[in-house]
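Next come the chains, spelled out residue by residue.
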Amino acid sequence: MNKTTNELSADSFASEQIIKIKPVNNWFDFSLRDLWAYRELLYFLALRDIQIRYKQTALGAAWTLLQPLLTMAVFTVLFGKLAGIKTDDIPYPLFAFSGLVLWTFINTTINNSSNSLVNNSNLITKIFFPRLLIPVSAVIAGLVDLCLSLFVLIGIMIFYAQGFHLSMLFAPLFLLMTVLLAIGVGSFLSSLNVRFRDVKMLLPFGLQLWMFVSPVFYPLSLFPEKWRWVVSLNPLTGILEGFRASLFGKPFDVFAVATSIVLTISLLFIGAVVFKKMENDFADYL
Amino acid sequence: MSNIITVENISKSYRLGAKQQNTTLRDSIISTLKSPFAKSNKDDDSILWALKEINFEIKRGETVGIIGHNGAGKSTLLKILSRITKPTKGEALLKGRVGSLLEVGTGFHAELTGRENIFLNGAILGMRREEILKKFDEIVAFAEVEKFLDTPVKFYSSGMYMRLAFAVAAHLEPEILIVDEVLAVGDITFQRKCLNKMKDVGEHGRTVLFVSHNMQAVARLCTRGILLREGQISADGTMNNVINAYLKSDSGTAALREWKDEKTAPGNAIARLVRTRVCDDEGNTKETIDIRKQIVVEMTYDVLASDKVLVPNFHFYNEDGTCVFISHNMEKEWRYTPRPVGRYISKLFVPGNFLAEGRFLITVALSTYLPLEVHFVDRDSVSFTVIDNLDGDTARGDYAGHLPGIVRPLLEWETEREDI
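Residue positions are counted from 1 within each chain, in the order its sequence is given. Each chain takes a letter, starting from A, and each ligand takes a number, starting from 1, following the order in which they are written. In view of the model being predicted, local features appear only for residues whose pLDDT reaches at least 70, and side-chain atom pairs are presented and counted only at 80 or more, with totals across whole chains, interfaces and linings using the full set of residues.

(A) Looking closely at the overall build of chain B. Along the backbone of chain B there are nine helices and 18 strands. Taking the principal axes of its C-alpha atoms as reference, chain B extends roughly 75 × 70 × 45 Å. The way it works is that DSSP assigns letters per residue, a run of H or I at least four long becomes a helix, a run of E at least two long becomes a strand, and they are numbered from the N terminus.

(B) Seen up close, the sheet that holds strand β16 (residues 342–350) of chain B. Residue and element names in this part refer to chain B. Paired strands are those between which DSSP finds at least two bridges. Strand order in the open sheet made by the four strands is β10-β11-β13-β16, with antiparallel pairing throughout. Looking along the sheet, the strands with just one partner apiece sit at the ends: β10 (256–258) and β16. With direction set aside, neighbouring strand axes in the sheet form an average angle of 20 degrees. Note on method: axes are straight lines fitted to C-alpha atoms, helices fitted across the in-contact stretch only, with angles between N-to-C directions ranging 0 to 180 degrees.

(C) Expanded view of helix α4 (residues 92–119) of chain A. For a helix, the expected span equals 1.5 Å multiplied by the residue count minus one. End to end, α4 of chain A covers 38 Å across 28 residues, agreeing with the expected 40 Å (1.5 Å per residue, within 8%). The burial label depends on the number of other C-beta atoms within 10 Å of a residue's C-beta. Counts of 20 or more mean buried, 12 or fewer mean exposed, and intermediate counts mean partly exposed, with C-beta atoms placed from the backbone. Counting buried residues in α4 of chain A gives 23 out of 28 residues, a clear majority hidden from the surface.

(D) Layout of the pairing of strand β13 (residues 295–303) of chain B. Residues and elements named next belong to chain B. Pairing between strand β11 (residues 271–279) and β13: eight bridges, direction antiparallel. Following the sheet pairing, A271 is matched in β13 by V303. Bridge count for β13 against β16 is nine bridges, and the pairing is antiparallel. Note that in β16 the partner of I295 across the bridge is V350.

(E) View of the interface of chain A and chain B. Here contacts are defined at the residue level, using C-beta atoms placed from the backbone and a cut-off of 7 Å between them. Across the contact, 34 residues belong to chain A and 41 residues belong to chain B. Elements supplying a minimum of two residues to the side of chain A that touches chain B: β1 (4–7), β2 (18–23), α2 (39–53), α5 (121–124) and α13 (282–285) of chain A. Ten residues, namely Ala, Val, Leu, Ile, Met, Phe, Trp, Tyr, Cys and Pro, are considered nonpolar, four, namely Asp, Glu, Lys and Arg, are considered charged, and the remaining ones, Gly among them, are considered polar. A breakdown of the residues in the side of chain A that touches chain B according to their chemical character gives 15 nonpolar, eight polar and eleven charged.

(F) Seen up close, the sheet that holds strand β15 (residues 323–328) of chain B. Residue and element names in this part refer to chain B. Reading across the sheet, the five strands line up as β12-β18-β17-β14-β15 and stay open at both edges, with mixed pairing between neighbours. For this open sheet the edge positions go to β12 (288–290) and β15, each flanked by a neighbour on one side alone. On average, each strand axis in the sheet is tilted by 30 degrees relative to the strand beside it, whichever way the strands run. With three bridges connecting them, β12 and strand β18 (residues 373–387) associate as parallel partners. Bridging from a neighbouring strand, T288 pairs with T385 of β18.

(G) Examining the environment of T207 of chain B more closely. Residues and elements named next belong to chain B. Mapping T207 onto the fold places it in strand β7 (residues 207–211). With 29 residues separating them along the chain, T207 and I178 place their C-alpha atoms 8.5 Å apart. Leave out the neighbours within four places in its chain, and T207 touches I4, I5, I58, R60, G61, E62, E175 and I176.

(H) Looking closely at the domain arrangement of chain B. Residues and elements named next belong to chain B. Taken domain by domain, chain B holds domain 1 (3–21 + 47–246) and domain 2 (256–387). With eight residues of domain 1 at the interface, the matching set in domain 2 holds six residues. Taken together, the residues that form the side of domain 1 that touches domain 2 break down as two nonpolar, five polar and one charged. The start and end points of each domain follow an automatic or database-based domain assignment.

(I) How the structure looks around the packing of α4 of chain A against helix α9 (residues 198–213) of chain A. Residues and elements named next belong to chain A. Between α4 and α9, the shortest axis-to-axis distance is 11 Å and the interhelical angle comes to 165 degrees. Relative to α9, α4 is oriented roughly antiparallel. The handedness of the crossing between α4 and α9 comes out as right-handed. Listed contacts from α9 to W103, N107, I110, N111, S114 and N115 of α4 are V199, K200, L203, L207 and M211. The residue makeup of the contact of α4 with α9, split by class, is six nonpolar, four polar and one charged. Comment on the angle field: the value is read as roughly parallel under 35 degrees, roughly antiparallel over 145, roughly perpendicular from 65 to 115, and oblique elsewhere. Left-handed describes a crossing whose near helix is turned anticlockwise from the far helix by less than a right angle; the clockwise case is right-handed.

(J) Spatial organisation of the confidence of the model for chain B. All names here are of chain B. Mean pLDDT over chain B stands at 84; residues scoring 70 or higher make up 90%. Of all helices and strands in chain B, the one with the weakest mean pLDDT is helix α1 (residues 25–34) (63), whereas β13 scores best (95). Low confidence marks residues 38–43, where pLDDT is under 50. Its contacts with residues over four positions away, or in another chain, come to two contacts. What the predictor reports for the complex is a pTM of 0.75 with an ipTM of 0.78. Confidence of the prediction at every residue is given by pLDDT, a number between 0 and 100.

(K) Fine view of the confidence of the model for chain A. Confidence along chain A averages 86 in pLDDT terms, with 92% of residues attaining 70 or more. Throughout residues 1–15 of chain A the model reports pLDDT below 50, and contacts reaching past four residues in sequence, or to other chains, amount to 36 contacts.

(L) Inspection of the packing of helix α3 (residues 114–124) of chain B against helix α5 (residues 158–170) of chain B at higher detail. Residues and elements named next belong to chain B. For the pair α3 and α5, the least separation of the axes is 10 Å and the interaxial angle reads 40 degrees. Relative to α5, α3 is oriented oblique. Considering the relative orientation of α3 and α5, their crossing is right-handed. Between α3 and α5, the residues in contact are G114, I118, N121 and G122 and L164, A165 and V168, respectively. Partitioned by chemical class, the residues of the contact of α3 with α5 number four nonpolar, three polar and no charged.

(M) How the structure looks around the pairing of strand β3 (residues 63–67) of chain B. All names here are of chain B. For β3, the buried fraction is high: five of the five residues fall into the buried class. Residues T63, G65 and I67 of β3 are buried on one face, and the alternating residues V64 and I66, pointing to the opposite face, are buried as well. As paired elements, β3 and β7 share four bridges and run parallel to each other. Within the sheet, the bridge partner assigned to I66 lies in β7 and is V211. As defined by bridge partners, β3 adjoins strand β8 (residues 224–229) across four bridges and the pair is classed as parallel. Its bridge partner lying in β8, V64 is registered against R224.

(N) View of unusual backbone geometry. Residue and element names in this part refer to chain B. In this structure, P371 follows L370 across a cis peptide bond, with omega equal to -5 degrees. For R83, which is not glycine, the phi torsion reads 65 degrees and is therefore positive. Topologically, R83 is positioned in the loop between α2 (74–81) and β4 (89–95). Since 19 C-beta atoms lie within 10 Å of it, R83 is described here as partly exposed. Within the chain, L390 stands out as a residue other than glycine whose phi angle is a positive 60 degrees. As for its position among the elements, L390 is in the segment after β18. Taking the number of C-beta atoms within 10 Å as the measure of exposure, L390 has 12 and is therefore exposed.

So this is what it looks like as structure tokens:
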């Protein structure tokens, strides 16, 4: 009995808003209206994250591109040349970078958003606003980096003389799924992190592990056919495979993509519910 | 006029040590394994009721001061009304836009410029972009930071920082303004400016809820007062009556405060406060003291563990909330010697002809230094009034009008005459 809902007046014609504060025990008292009312704050919080990210670094925003590019170089030498991973006729650097664009986004935003509530404890204990904005804004802030690296990806594709495919129209769908996946996992972990700071400790290890089990630097076809479904239970598998299939005009692995869509939406939902459930005590634990 | 705030039976409980409890997954798993049904026995001693069945109504345009000693539940109440934390029981209804200012400069980021921070902070406080744009020049003018708008605020002086932060909040224009002890910082001019701005807000028909230890500010700003004690409302009425009730304790006088119940007494495992008292030379508890007479301030405390060097200290504040002085116990005997377990009475002697006329509030504390550790602090524990009977033998001389100043020592003068 320690839950409270904050309802805005249902009558949108009322000149004044009525705020009701009461303990409620709802599983899902989700106020999209509240979120919408504070949309500008989402923008300003994301803007703040972007503005301060590269302050006092000599290279500034160039780091956004250097990180995946350097990783691409390392992967190309290690996995492309030495291990000789087969990538279905796609030049290995391009193959690696197309995966890294999404992975870097997932890695950075989940990392940032998982720690976002703890890092913004001064806000949470002093002022009211929909708490979900904090982890979501951490993901939104990563969109700028994602866009920049997409331009580099296009550059690399032109360099390797990749043709245009109609399937490229599907690419935005996989980008959207990547963002939704980051929001779902990020908001779930951020709320858990308020109570259990272990999350912070476990996170770097967990993310590294996640990268290795996802087809970032190898294709799903590396696995024997009968085991691919297991790898596809990772929502990132369908996203990465689908993104590449749409970019390079290859056939979609329908099972992997479908599983991925279902899992991403479920994770988003679970993330939001868990967040709402834990949100009530944030101010008391921070 | 209708009520703008209605609070019904609001209660809030905390589990003692909630901050330490199960903060790691391992602890959580272990405690769940050890006692899987632990959640069912919630009614044990580890629950602290920060607020117990609070009821009140506030009408549109009222300015209400909420006062009380530390731990009385003031901040918890404000946090519930500002929707930062949720009540355990009860309901509250607020009609209108709420602006809460529990801290000046919430969300300011040191790396961002003044301009960037105005927009960010405004958005955090719930202002729309157009609204901020409309008031931008006003905010900058109020804060007097025109020249430094594009400088990161980390290069601001603390005064500029405070001015800018308050300026943003002051231009929020909510129907209900909730303000916690934000005036404890900043210089006098700034404080005055803030208070005037808040008075403005109140006069424009807005409702203000104000928490402060600055009695004069509360008295000047608020028409109505609510006194909280141990999580309950113990007085509700005109501000002056409520201030008097606050300064008077159970004992019926503001000059004596006593804790009969060990549980509620300020203290920790090392020491516990028993009684604080203001008295005259002869040991009689006195609320009003002649300016010429010595004032004795006394704290009685139990030392429960004998391994620490303990330093009693008194902090004297005047009614404006200005600290007049702080005095540490420097007796040779105890200065570097841990005190054995027992009951102690430490007395401080304030000479006559030293403090000016007026009311003084005393904060009582017991600390250990090197390293710093505070065993108890009781804010505004006792108070007394210094009066001058106008007998002509004080620093006042024969002047009977208003005489400003915090102290009024009777000092020695020397005048030489030369022929011209």
